[in-house]
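Residue-level structural notes
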Amino acid sequence: GLMVAGCKSAPELTKDQALKMVQDKYDQTPGVGVNILVDDSGMRQGATSKLWDRTKVYPNKLWADFKLTADGKKAVVLPSGGDTIEWRPASLDDKNYTVVMTTVAANHLKAKDMGDLQDEMLPGADTAKAGKYTEAVNLTGVPRALQDIAHTPGNKLSTKKQADFALENGAWVLKRIE
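Note that the coordinates shown come from a computational prediction; the quantities given were computed from them, not determined experimentally.

Quick look at the confidence of the model for the protein chain now. Of the residues in the protein chain, 96% reach a pLDDT of 70 or more, and the chain-wide mean stands at 93. For the protein chain, the element scoring lowest by mean pLDDT is strand β8 (residues 118–122), at 93; helix α1 (residues 15–28) scores highest, at 98.

Printed below as a string of structure tokens:
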């Protein structure tokens, strides 16, 4: 038979419900370490906080090697997998030079600040809504010094995302995050 779409109203989808669905999705996903870009002042902060020690200065006075301390090894993983940070800026004026480290602490992303939900067309869904929100990294369990370094320019601790929801069998479900 022919189905007639009646005027039954869809249950409301509040910002809080939408945010909770996104956070639940994040919480079901394995936690991840946060990539942190460390610049010159960050290297100094890390050395002062005993996360790494300078072990070698090169004749050009520009390059240096730093070794992760025991505390450093508990805090970060280097892309090379080793324990030596190779500091190799191009010049003294190279203020944009950074090295990347990943936090050992792996956390779930955080969803926050859900915006107003807008009606949306979604393939395969009769009723859909979309909401923009902020996806933020979670620095729980990361040493204070490293958290401070993570807040320096160049580090992206949050991203604007959009979540799409569809009404299925009378209930709202999260369809995708982009």
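Next comes the rest of the write-up.
Let us now look at the sheet that holds strand β1 (residues 35–38). Spatially, the three strands line up as an open sheet ordered β1-β6-β4, and their pairing is antiparallel. A strand with exactly one partner marks an edge of an open sheet, and here the two such strands are β1 and β4 (76–77). Direction of pairing for β1 relative to strand β6 (residues 99–103): antiparallel, over a ladder of four bridges. Residue pairing across strands places I36 opposite M101, the latter belonging to β6.

So, about helix α2 (residues 40–48). Residues lying three or four places apart along an α-helix face the same way, a consequence of the helix completing one turn every 3.6 residues. When we look at burial in α2, the residues that qualify are G42, M43 and G46. Along the axis of α2, the buried residues cluster in a sector spanning 100 degrees; they form a single face. In α2, those exposed residues whose orientation departs by more than 90 degrees from the buried face are R44 and T48. The inward-facing, buried residues of α2 contact β1, β2 (52–57), β3 (64–68), β5 (84–87), β6 and α4 (144–150). A positive phi of about 60 degrees marks K50, the residue just after α2.

Attention now moves to the pattern of salt bridges. Under the definition given, this model contains 13 salt bridges. With a shortest N-O distance of 3.2 Å, K67 and D83 are connected by a salt bridge. Remark: D83 occurs in the loop between β4 and β5 and K67 occurs in strand β3; sequence separation between them is 16 residues. Judged by its relative accessible area of 36%, K67 falls in the partly exposed class.

Our next topic: α1. With 14 residues, α1 should reach 20 Å at 1.5 Å per residue; the first-to-last C-alpha distance of 20 Å fits that figure. Restricting attention to buried positions, one finds in α1 the residues A18, L19, M21, V22, Q23 and Y26. Contacts from the buried residues of α1 go to β7 (110–112), β9 (125–136), β10 (158–168) and β11 (171–177).

About the criteria used
Residues numbered from 1 in each chain as written. Predicted model: local features only at pLDDT ≥ 70, side-chain atom pairs only at ≥ 80, totals over all residues. Heavy atoms only, no water. pLDDT = per-residue confidence, 0-100. Helix = DSSP H or I, 4+ residues; strand = E, 2+ residues; numbered from the N terminus. Pairing = 2+ DSSP bridges. Buried < 20%, exposed > 50% of the residue type's maximum accessible area, 1.4 Å probe, protein only. Arc of directions from axis to C-beta. Contact = heavy atoms within 4.5 Å. Salt bridge = Lys/Arg side-chain N within 4 Å of Asp/Glu carboxyl O. Expected span 1.5 Å × (residues − 1).

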